[in-house]
Amino acid sequence: MAEPGVRAPVVADDRGWRLRHLPVLLAASAALGAVAAVVGGLTGGGAAAAGAAAGVAVTVLSYTLTTVVLAWADAINPQLVLPLGLGLYVAKFTLLGVVMVAVASTGWDGLVPLCAGIAAGVAVWTGVHIWWLTSGSSRRQ
């Protein structure tokens, strides 16, 4: 464990290691978004298709933002990760709550598929991330 304010040396040719997993997660999420839209469309029509795809997109945007901000914070100073991570967490969930209440108040038919899309997005992102970490893809060469 390094002393406060001390950063471990980063190999010059491996500066992108903090974001190396992102393309795999984005590809899996894009596939999920397409499947969610098709399933939503077949089971509930256009509003359900839009809601399911939007739910996956909400998760992808949220997790991608967190990944990029925390990678940036870790590259600058690892001590920034906790305060920025917690602040971003509070901001994102506050915004998500406000948006969900606003959408729920409209009576939109895509609300339940939106929630299902969010849940599916979380499950797929987390599952693929766990797979990526345990498969050996995450090892720095």
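Everything below is about the structure shown above.
Below or above, wherever it landed, is the structure these notes cover. Computed from a predicted structure; not experimentally measured. What you see as residue numbers is a count from 1 along each chain, following the sequence as written. With pLDDT at 70 or above as the cut-off, local features in this predicted model cover only qualifying residues; side-chain atom pairs require 80 or more to be listed or tallied, and sums for whole chains, interfaces and linings still use all residues. Derived side-chain values reflect all non-hydrogen atoms in the structure, with water molecules and hydrogen atoms excluded from consideration.

**Let's talk about the nonpolar core**
Step number 1: Joining through side-chain atoms within 4.5 Å is the link that ties buried Ala, Val, Leu, Ile, Met, Phe, Trp, Tyr and Cys residues into a set, and such a set is a nonpolar core. Buried residues are those whose accessible area, probed at 1.4 Å on protein chains only, stays under 20% of the maximum for their type, while exposed residues exceed 50% and partly exposed ones sit between those limits. Counting nine residues, the largest nonpolar core consists of Leu22, Leu25, Leu32, Ala36, Ala52, Val56, Val60, Trp125 and Val128.
Step number 2: Of all the secondary-structure elements, those providing two or more residues to this core are helix H1 (22-76) and helix H3 (111-134).
Step number 3: Numbering of helices and strands runs from the N terminus, with a helix taken as a DSSP run of H or I at least four residues long and a strand as a DSSP run of E at least two residues long. Per-element accounting of this core gives the leading share, seven residues, to H1.
Step number 4: Note on definitions: a residue-residue contact is assigned when non-hydrogen atoms from the two residues lie within 4.5 Å. If sequence neighbours within four positions are ignored, alanine 52 has contacts with Ala36, Pro113, Leu114 and Gly117.

**Section: the packing of H1 against helix H2 (residues 81-104)**
Helices that pack against each other are described as a pair by the angle of their axes relative to one another and the distance between those axes.
Step number 1: All axes are obtained by fitting lines to C-alpha atoms, using only the stretch in contact for helices, and the reported angles, taken between N-to-C directions, cover 0 to 180 degrees. Two numbers describe how H1 lies on H2: the axes approach to 9 Å, and their chain directions differ by 160°. Considering their axes alone, H1 and H2 lie roughly antiparallel with respect to each other. Considering only the axes of H1 and H2, their crossing is right-handed. Where H1 approaches H2, its residues Val58, Ser62, Leu65, Thr66, Val69, Leu70, Trp72, Ala73 and Asp74 are matched on the opposing element by Val81, Leu84, Gly85, Leu88, Lys92 and Leu96.
Step number 2: Amino acid classes used here: Ala, Val, Leu, Ile, Met, Phe, Trp, Tyr, Cys and Pro are nonpolar; Asp, Glu, Lys and Arg are charged; the rest, including Gly, are polar. Split by residue class, the contact of H1 with H2 holds 10 nonpolar, three polar and two charged. Just so you know how the angles are binned, under 35 degrees is roughly parallel, over 145 roughly antiparallel, 65 to 115 roughly perpendicular, and the rest oblique. Handedness of each helix crossing follows the sense of rotation of the near helix against the far helix: counterclockwise by less than a right angle gives left-handed, clockwise gives right-handed.

**Focus on H3**
Residues separated by three or four positions in an α-helix point in the same direction, a consequence of the helix having 3.6 residues per turn.
Step number 1: A helix is expected to span 1.5 Å for every residue after the first. Taking 1.5 Å of rise per residue, the 24 residues of H3 would be expected to cover 34 Å, and the 35 Å separating its terminal C-alpha atoms lies within 8% of that figure.
Step number 2: Listing the buried residues of H3 in full gives Pro113, Leu114, Gly117, Ile118, Gly121, Trp125, Val128 and Trp132.
Step number 3: Packing partners of the buried residues in H3 comprise H1 and H2.
Step number 4: Glycine 136 occupies a position one or two residues after H3 and carries a positive phi of about 95°.

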